[in-house]
Amino acid sequence: MAARLTLQDVNLRFGGVTVLHDVGFTVEPGEILGLVGPNGAGKTSLFNCISGHYRPTAGTITIDDSVVSGLAPSRLAAHGLARTFQHPALQLHATVLENVLLGAHTRLPGGPAAWALRLPPTGRRERELRAEALELLESQGLGWAAGLAADELSHGLHKSIELCRALLMRPALLLLDEPAAGLSHGEVEHFIETVKGLRDEADVTVVIVEHHMGLISAVTDRVVVLDHGSKLMEGTAAEAQADPRVIEAYIGKDAADDAA
Ligand SMILES: Nc1ncnc2c1ncn2[C@@H]1O[C@H](COP(=O)(O)OP(=O)(O)OP(=O)(O)O)[C@@H](O)[C@H]1O
Ligand SMILES: [Mg+2]
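Conventions and cut-offs
- Residues numbered from 1 in each chain as written.
- Chains lettered and ligands numbered in written order.
- Predicted model: local features only at pLDDT ≥ 70, side-chain atom pairs only at ≥ 80, totals over all residues.
- Heavy atoms only, no water.
- Helix = DSSP H or I, 4+ residues; strand = E, 2+ residues; numbered from the N terminus.
- Rg over C-alpha atoms; globule rule 2.2 N^0.38 Å.
- Buried < 20%, exposed > 50% of the residue type's maximum accessible area, 1.4 Å probe, protein only.
- Contact = heavy atoms within 4.5 Å.
- Areas by Shrake-Rupley, 256 points an atom, 1.4 Å probe, with all protein chains shown as cover.
- Lys, Arg positive; Asp, Glu negative; His and termini not counted.
- Charge placed at Lys NZ, Arg CZ, Asp CG, Glu CD.
- Pairing = 2+ DSSP bridges.
- Axes fitted to C-alpha atoms, helices over the stretch in contact; angles between N-to-C directions.
- Salt bridge = Lys/Arg side-chain N within 4 Å of Asp/Glu carboxyl O.
- Donors = N, O, S within 2.8 Å, 3.2 Å for Na, K, Ca; no water.
- Patch = residues over 30% accessible without salt bridge, like charges linked within 9 Å, V, L, I, M, F, W, Y side chains within 5 Å.

K.L.:
I would appreciate a short explanation of the overall build of the protein chain in the present structure.
P.N.:
Helix and strand counts for the protein chain stand at 11 helices and 10 strands. Scaling as 2.2 N^0.38, a compact globule of 260 residues should have a C-alpha radius of gyration of about 18 Å, and the protein chain matches this with 19 Å. The 260 residues of the protein chain split such that 49% are buried. Partitioning the intrachain contacts of the protein chain with sequence separation of at least 6 by distance along the chain shows that 67% fall at a separation of at least 24. Put simply, the protein chain shows about 12,200 Å² of open surface, and 53% of that area lies on carbon and sulfur atoms. Side chains of the protein chain give 21 positive and 33 negative charges; the mean places of these two sets differ by 8 Å.

Right, here's the structure in full:
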C-alpha cells in the first residue's frame with residue numbers, strides 16, 4: 001500500500017552552514033512528486049534526511065503514522081522506504097542479478113541478517129525472488145545483463161539496476177535521485193513509461209529529484225521547488241516553470257529581469 005510522507009519544518013545544519021531551512025510538504029499516497037531546484041538547493045540532502053543517512057537538526061519526518069526522522073537507514077525499509085542514489089553504489093564485482101537481489105533481503109524470512117550470513121537457503125521463496133528480480137531486469141531491457149559483473153555496464157545502466165533493486169523491495173515509498181542523469185534519449189523515454197506504470201498500479205508513492213524538466217512534466221502530479229535549502233513553491237510542473245521566483249532561482253535575478 002502506498003505511503004503518505006509528511007515533512008514538517010525540517011532543518012539541517014552542518015556547523016554554521018544551513019543546508020535545509022524549515023522545509024515542509026506532504027506527499028499523498030500514490031502521488032508522484034517532483035523535487036526540483038538548482039544545483040546545491042538541498043534536494044539530495046533532503047532525501048538523505050528521509051532515508052536516515054542524515055539526521056535532521058530539527059523538524060519531523062513521518063511515513064504514514066510513524067515518525068521516522070532520526071532512524072538509521074536499516075530501519076527505514078520496515079516503513080516501506082526504498083531509494084536510489086544520485087551516484088549509484090553497486091557491488092561492482094557482483095553480478096547484475098546479485099545487485100538487484102540485495103533489494104530482496106527485506107522480503108526473506110529471517111530478514112537481512114539471515115541473508116547476509118547466508119544461512120540455509122530459504123528454498124522456494126528465494127527462487128521466487130530470483131525470478132522476480134529477473135523479470136524486473138527484463139522489464140528494463142536488461143535481462144541479457146543479469147549474469148555480467150556490474151562494472152561491465154555503463155553508468156546509465158547502473159541507474160536501471162538500482163531501480164530494479166529498489167522495486168524488488170516492493171516499496172510503499174520510493175525516492176529516486178536523478179534517475180535520468182546519464183541516460184540516452186531512448187532510455188529516458190523507457191524510464192517515463194516505467195514511472196507511468198507505477199502510477200497506474202497506484203501502490204507506491206514516488207518522489208523524483210530530476211533536472212530533466214521534460215521528464216518531470218511527463219510523470220509528476222505536483223512539484224516542490226527548493227532553492228538555497230528553502231521551499232520556494234509547490235504546484236504543478238507547468239505552474240513551477242511559469243513562476244518568476246523559480247525562473248529567478250535557476251537563471252539569476254538580472255537575467256530574469258532581462259527576460260521579463
Ligand atoms: N555532509 C555534508 N557536509 C557539509 N555540507 C553538506 C553535506 N551534504 C550536503 N552539504 C551541502 O548542502 C548543500 C546542498 O547539497 P545537495 O547535494 O543536497 O544539493 P542538491 O540539490 O542535491 O544539488 P545537485 O542538483 O547538484 O545534486 C551543498 O551546499 C552541499 O555542499
Ligand atoms: Mg543532488
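There's plenty left to go through after this.
K.L.:
Any chance you could explain the sheet that holds strand 5 (residues 66-67) here in plain terms?
P.N.:
Neighbouring strands of a sheet are bound in pairs by backbone hydrogen bonds; such pairs are parallel or else antiparallel. Across the sheet, 4 strands lie side by side as 2-1-4-5; this open sheet has antiparallel pairing. Two strands lie at the open edges of the sheet, namely strand 2 (17-27) and strand 5, each paired on one side alone. As paired strands, strand 1 (residues 5-14) and strand 2 are joined by 7 bridges and run antiparallel to one another. For phenylalanine 14, the partnering residue across the bridge sits in strand 2 and is valine 17.

K.L.:
I would appreciate a short explanation of the environment of phenylalanine 14 in the present structure.
P.N.:
Along the chain, phenylalanine 14 falls in strand 1. Measuring from C-alpha to C-alpha, the distance between phenylalanine 14 and glycine 214 comes to 33 Å, with 200 residues separating the pair along the chain. Once you skip the residues sitting within four places of it in the chain, phenylalanine 14 turns out to touch Val19 and Tyr54.

K.L.:
How should I be thinking about the sheet that holds strand 3 (residues 32-36) in this particular structure?
P.N.:
Taken together, 6 strands build an open sheet; the order of strands is 6-7-8-3-9-10 and the sheet is mixed. The sheet is open, and its two edges are formed by strand 6 (81-83) and strand 10 (230-235), each paired on a single side. For this sheet, the mean angle separating the axes of adjacent strands, direction not counted, is 20 degrees. Across 4 bridges, strand 3 lies against strand 9 (residues 222-227) in parallel orientation. Its bridge partner being in strand 9, glycine 34 is matched across the sheet by valine 223.

K.L.:
Can you help me understand the pairing of strand 10 in this one?
P.N.:
Side chains on a regular strand alternate between the two faces of the sheet. Across 5 bridges, strand 9 lies against strand 10 in antiparallel orientation. Its bridge partner being in strand 10, valine 223 is matched across the sheet by glycine 235. Joining the antiparallel neighbours strand 9 and strand 10 is a turn of 2 residues, in which histidine 228 adopts a positive phi near 45 degrees.

K.L.:
Would you mind going over the pattern of salt bridges with me for this structure?
P.N.:
Should their charged atoms come close, side chains of opposite charge can pair. Counted by the stated rule, this structure contains 9 salt bridges. The partner of arginine 222 in a salt bridge is glutamate 31, and the shortest N-O contact between them spans 2.5 Å. Here the residue arginine 222 occupies a position in strand 9, and glutamate 31 occupies one in the loop between strand 2 and strand 3, the gap between them amounting to 191 residues. Accessibility expressed as a relative area gives 10% for glutamate 31, which makes it buried. Note that glutamate 128 is salt-bridged to arginine 125, the shortest N-O span being 3.1 Å. Of this pair, glutamate 128 and arginine 125 both sit in helix 5 (residues 124-139), 3 residues apart, which is roughly one turn of that helix. Assessed through its relative accessible area of 36%, glutamate 128 is described here as partly exposed.

K.L.:
Looking at this structure, I do not really get unusual backbone geometry. What am I missing?
P.N.:
Only a minority of non-glycine residues have a phi that is not negative, and only a minority of peptide bonds are not trans. In the Ramachandran plot, aspartate 22 falls in the positive-phi region, its phi being about 50 degrees despite a non-glycine side chain. The residue aspartate 22 is located in strand 2 in this model. What makes aspartate 22 partly exposed here is its relative accessible area of 40%.

K.L.:
Before we go on, may I ask you to explain the coordination of the magnesium ion (ligand 2) in this structure?
P.N.:
Metal coordination angles in their ideal form are 109.5 degrees for the four-donor tetrahedron and 90 or 180 degrees for the six-donor octahedron. Within the first shell, the magnesium ion (ligand 2) binds the protein through Thr44 (OG1) and Gln86 (OE1), at distances of 2.0 to 2.2 Å. Here glutamine 86 lies in the loop between strand 6 and helix 3 (96-101) and threonine 44 lies in helix 1 (residues 43-50), a separation of 42 residues in the sequence. On the basis of relative accessibility, which here comes to 26%, the residue threonine 44 falls in the partly exposed class. Exposure remark for glutamine 86: the relative accessible area of 25% places this residue in the partly exposed category.

K.L.:
Help me out: how do you make sense of a nonpolar patch on the surface in this one?
P.N.:
Residues Ile247, Tyr250 and Ile251 make up a contiguous nonpolar surface patch of roughly 260 Å² in combined accessible area. Looking at the secondary structure, you find tyrosine 250 in helix 10 (residues 244-251). Judged by relative accessible area, tyrosine 250 falls into the partly exposed class, the value being 38%.

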